[in-house]
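Structure assessment
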Amino acid sequence: MVKPHIAQGSNLAGAFSIFIYPFFFSQDNYPEVLQRVLDDPVWSLDITDLDDDKDWRHLRYFFPYVRKFLFPTAGLALENLLAFPPEKLKLSSEKRDKLQDLSLSRHPRKKESPLEILSSWSVVRWIWSFAKSSEILRDFHFRGKEAEFKKVSLLLFPTGVGLLLIEAMPKEIPKISFVRQFNKNFATIDKLSYGRIKLAELEFKTEENSRKKLLKNIIQENFLGFLPEELIEKGSYALGESFLLYYSVVGKEIENREELEEAFAEFLGESSEVGDLKFSGVNTLGKFDKNGAIVVVGRQKNTGANAQKLLEQWRTIYFDIFLHALYHRLSLLQFSWELSKIDELVENAEKVSLLHWRFLQFTNKAWFGHLTNTDYGNYIWKYWKEVMETERLYEEVKTQLKELDEYLERKQRERGERLVQLLTIIGFPVTFVLGIFSTGFFAVEGLKLSWQVAIKVAFFTTFILMILTMGYLGWFKKSLRILRKGFKNFNFQKPHLPKITKNKDFSC
């Protein structure tokens with residue numbers, strides 16, 4: 001359950017904030033990115049356990065095919081994990097013991113490499129281990145307040161999209177506006193072209209010393225330190241990499257709908273406008289946009305269990321719905337970026353074919369109309385799809401692929417036509433000269449031509465005819481273009497006829 005960071009005397013039921021840092025890499029570099037995470041000792045595979053009641057309650061909310069995409073390790077047999085070093089797996093102690101017993105009882109045999117297994121999954125989930133990190137501690141100070149990392153995880157998709165998820169929150173929250181201010185300050189990781197906003201800087205204190213580090217440097221040098229600059233494609237498609245996206249939810253005791261509206265206005269801030277982005281749900285008000293969401297869930301007093309259940313649903317189930325919509329948007333933008341490299345694609349038919357195959361896989365495995373059997377979950381999913389404009393982006397990528405195919409087909413047809421012309425230029429003169437010599441046209445009585453002379457005459461005649469053929473084809477093609485242009489510009493108009501109208505009044 002979500003542990004509230006609530007100050008004593010506050011009427012808040014709980015709160016959490018998850019910050020998202022999207023990054024991109026070429027789809028061709030996906031295996032190398034996976035290998036680099038495997039080699040980083042601080043990251044471990046996050047394995048979904050169906051025997052865990054919390055995981056199972058989370059998973060069963062979604063349709064089986066959605067569950068298979070979002071959590072490919074759910075229901076995975078332990079035999080399939082033998083290829084991984086035990087320290088790279090986040091497992092319960094019971095499952096870890098079973099895996100060790102299994103590794104001792106199984107006979108050694110040829111098996112798939114860890115990289116081959118990971119490459120076959122629809123998404124690879126990793127979790128950061130603070131115990132293995134000597135530099136980045138779980139507890140830190142931010143703007144003079146004690147705060148902590150609740151969880152840091154990483155999602156890698158074959159479409160060239162990566163999502164770094166950072167769940168962080170102050171250890172004490174006096175009121176809703178405090179959460180709003182924390183989100184704004186913590187999400188600012190780079191300089192803006194306007195205004196003077198202080199960048200997020202974290203202070204780590206130990207008994208020996210105290211050191212400060214910008215959050216941007218923590219992300220690039222520690223959390224994503226395994227990725228060299230040449231593998232990351234610049235541009236996050238989100239506010240120019242100046243702000244982290246964030247998904248923040250607070251819960252509050254309320255008496256009526258008016259109190260929920262007041263809490264939402266406090267969370268939103270006086271200077272912000274919602275407009276059509278306002279989300280209204282069951283005991284819920286929120287603002288959804290392309291850069292994340294802020295949500296207020298309300299409950300009647302003395303019903304704490306319901307409040308915690310609502311917060312947990314927004315942190316797990318509804319957060320996964322948001323992430324999937326965000327993944328759709330970023331993947332389609334990445335496809336569009338790959339298709340914009342037209343100079344590379346026209347010279348590499350294999351790469352075009354690979355792009356087609358990847359887009360087909362994306363459509364069949366990740367493009368879902370419905371995620372769950374519940375109306376409320378599908379309502380949230382539909383709402384996010386509209387906010388992220390995924391339907392429009394999908395059609396744009398399909399159009400790009402279609403136009404690229406038409407262009408390549410036209411180029412191939414032109415190459416075929418040029419080949420036919422070349423064969424005509426060479427074949428017609430040769431056939432003509434051979435036909436003349438075979439009929440004995442040069443066999444004059446009393447005159448014998450040597451083979452050397454005959455070959456020279458044939459070569460000279462062929463050369464002349466080739467030039468004439470080339471000229472004829474060029475003239476013919478040019479004439480054909482002129483004729484086509486003339487017919488296109490010629491205005492075929494019907495003769496003007498007087499308009500005849502029927503008189504509906506037959507009275508004299």
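Refer to the structure presented above.
Below, the structure is looked at part by part. A quick note: this is a predicted structure, and the numbers were derived from the prediction, not measured.

Here's the deal with the overall build of the chain
- Secondary structure summary: the chain contains 15 helices and 14 strands in total.
- Within the chain, buried positions represent 43% of all 508 residues.
- The contacts of the chain with a sequence gap of at least 6 include a subset with a gap of at least 24, amounting to 74%.
- Working note: accessible area of the chain is about 29900 Å², and carbon and sulfur atoms make up 55% of it.

Side note on the environment of Arg 329
- Residue position: Arg 329 is located in helix α10 (residues 317-339).
- Note: C-alpha distance between Arg 329 and Met 388 (59 residues apart in sequence) is 6.1 Å.
- When near neighbours in sequence (up to four residues on either side) are disregarded, Arg 329 contacts Lys 290, Met 388, Glu 389, Thr 390 and Leu 393.

A short note on the pairing of strand β12 (residues 278-281)
- Alternating residues of β12 divide into Phe 279 and Gly 281, all buried, and Lys 278 and Ser 280, none buried.
- Where β12 lies against strand β13 (residues 284-289), four bridges are found, and the strand directions are antiparallel. Each bridged residue has a counterpart across the sheet, and for Ser 280 the counterpart in β13 is Leu 285.
- In textbook terms, the turn of a hairpin is the stretch between consecutive antiparallel strands, and for β12 and β13 this stretch comprises two residues, one of which, Asn 283, has a positive phi near 50°.

A few points about helix α8 (residues 257-268)
- With 12 residues, α8 should cover 16 Å at 1.5 Å per step; its first-to-last C-alpha distance of 16 Å lies within 8% of that length.
- Every buried residue belonging to α8 is among Leu 260, Ala 263, Phe 264, Phe 267 and Leu 268, and all of these are buried. Looking straight down α8, one finds its buried side chains confined to an arc of 135°; they lie on one side. Opposite its buried face, α8 presents the exposed residues Glu 258 and Glu 262, each directed more than 90 degrees away.

Side note on the packing of helix α6 (residues 176-187) against α8
- In contact at an axis separation of 7 Å, α6 and α8 are set at 30° when each is read in the N-to-C sense. Compared by their axis directions, α6 and α8 come out roughly parallel. Judged by the twist between their axes, the crossing of α6 over α8 is right-handed. Each of Ile 176, Ser 177, Val 179, Arg 180 and Asn 183 in α6 lies in contact with α8, whose residues at this interface are Ala 263, Glu 266, Phe 267 and Leu 268.
- Residue composition of the contact of α6 with α8, grouped by class: five nonpolar, two polar and two charged.

A word on helix α1 (residues 30-39)
- Three or more residues of α1 are buried, namely Tyr 30, Val 33, Leu 34, Val 37 and Leu 38. Considered in projection along α1, the buried side chains sweep an arc of 140° and stay on one side of the axis.

Describing the packing of aromatic side chains
- In total, this model carries 47 aromatic pairs according to the counting rule given.
- A centroid spacing of 6.3 Å and a plane angle of 65° characterise the contact between Tyr 379 and Tyr 383, whose relative ring orientation is edge-to-face. Placement of both Tyr 379 and Tyr 383 in helix α13 (residues 375-388) is noted, with a separation of four residues, approximately one turn of the helix.
- Tyr 379 sits in the partly exposed class, given a relative accessible area of 36%.
- For Tyr 383, a relative accessible area of 12% puts it in the buried group.

Concerning the side chain of Ser 133
- Examined against the element boundaries, Ser 133 turns out to sit in the loop between β4 (124-128) and β5 (139-142).
- Take Ser 133: its relative accessible area is 12%, and that puts it in the buried class.
- One polar contact links the side chain of Ser 133 to the main-chain amide nitrogen of Ile 136, over a distance of 3.1 Å.
- In contact with Ser 133, other than residues within four places in its own chain, are Val 42 and Trp 128.

Description of unusual backbone geometry
- A positive phi angle is found at Arg 143, which is not glycine, with a value near 55°.
- The topology assignment puts Arg 143 in the loop between β5 and β6 (145-157).
- Owing to a relative accessible area of 38%, Arg 143 belongs among the partly exposed residues under this scheme.
- Its identity as a non-glycine residue notwithstanding, Glu 389 has a phi of 55°, on the positive side.
- Take Glu 389: it is sitting in the loop between α13 and α14 (390-438).
- Judged by its relative accessible area of 29%, Glu 389 falls in the partly exposed class.

Observations concerning the pattern of salt bridges
- Under the counting rule described, the total for this entry stands at 14 salt bridges.
- Linking Arg 36 and Glu 32 is a salt bridge whose minimum nitrogen-to-oxygen distance equals 3.5 Å. A residue pair is termed a helical-turn pair when its members lie 3 or 4 positions apart in one helix, as Arg 36 and Glu 32 do in helix α1 at four residues.
- When the shortest N-O distance is used, the salt bridge between Glu 135 and Lys 213 registers 2.8 Å.

Analysis parameters
Residues numbered from 1 in each chain as written. Predicted model: local features only at pLDDT ≥ 70, side-chain atom pairs only at ≥ 80, totals over all residues. Heavy atoms only, no water. Helix = DSSP H or I, 4+ residues; strand = E, 2+ residues; numbered from the N terminus. Buried < 20%, exposed > 50% of the residue type's maximum accessible area, 1.4 Å probe, protein only. Contact = heavy atoms within 4.5 Å. Areas by Shrake-Rupley, 256 points an atom, 1.4 Å probe, with all protein chains shown as cover. Pairing = 2+ DSSP bridges. Expected span 1.5 Å × (residues − 1). Arc of directions from axis to C-beta. Axes fitted to C-alpha atoms, helices over the stretch in contact; angles between N-to-C directions. Parallel < 35°, antiparallel > 145°, perpendicular 65-115°, else oblique. Left-handed = near helix turned anticlockwise from the far one by under 90°. Nonpolar A, V, L, I, M, F, W, Y, C, P; charged D, E, K, R; others polar. Phe/Tyr/Trp six-rings, centres within 6.5 Å; stacked < 30°, edge-to-face > 60°. Polar contact = N/O pair within 3.5 Å; in protein donor to acceptor, adjacent residues only side chain to side chain. Salt bridge = Lys/Arg side-chain N within 4 Å of Asp/Glu carboxyl O.

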